[in-house]
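Structure at a glance
So the chains spell out like this:
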Amino acid sequence: QEVKVGVCEGSPRDGFVIAFKGKCISTMEVREVSAIIPRDGIPELIQALFAMGIRYQEETGIDIGFSDVLKEKK
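First, a word on what this report is: a plain description of the structure on this page.

What counts, and where the lines are drawn
Residues numbered from 1 in each chain as written. Predicted model: local features only at pLDDT ≥ 70, side-chain atom pairs only at ≥ 80, totals over all residues. Heavy atoms only, no water. Patch = residues over 30% accessible without salt bridge, like charges linked within 9 Å, V, L, I, M, F, W, Y side chains within 5 Å. Areas by Shrake-Rupley, 256 points an atom, 1.4 Å probe, with all protein chains shown as cover. Salt bridge = Lys/Arg side-chain N within 4 Å of Asp/Glu carboxyl O. Helix = DSSP H or I, 4+ residues; strand = E, 2+ residues; numbered from the N terminus. Buried < 20%, exposed > 50% of the residue type's maximum accessible area, 1.4 Å probe, protein only.

Taken together, V3, V5, V7, F16, F20 and V33 make up a surface patch of nonpolar side chains, about 550 Å² in accessible area. Top element by residues in the nonpolar patch is strand β1 (residues 2-8). It accounts for 3 residues. Along the chain, the position of V33 falls in strand β3 (residues 30-38). Assessed through its relative accessible area of 37%, V33 is described here as partly exposed.

This paragraph deals with unusual backbone geometry. Unlike most non-glycine residues, M28 shows phi in positive territory, near 65°. Tracing the backbone through its elements, the reader meets M28 in the loop between β2 (15-23) and β3.

Written out as structure tokens, the structure is:
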């Protein structure tokens, strides 16, 4: 529902802060989550988000923009 992104410097290390609030799909409960992503972890984060998006579209059938990727997988 709401996502905030920021930059943190120093402790524990330089990186990005991602904070968001949204509904858990299984329980529909609204939760707040935040995480510090170190600079060197950004490529892995992007890959994981991409994989999650593909899996979500495969499981739900809801088109969230990965139709071309799914066609190539088949």
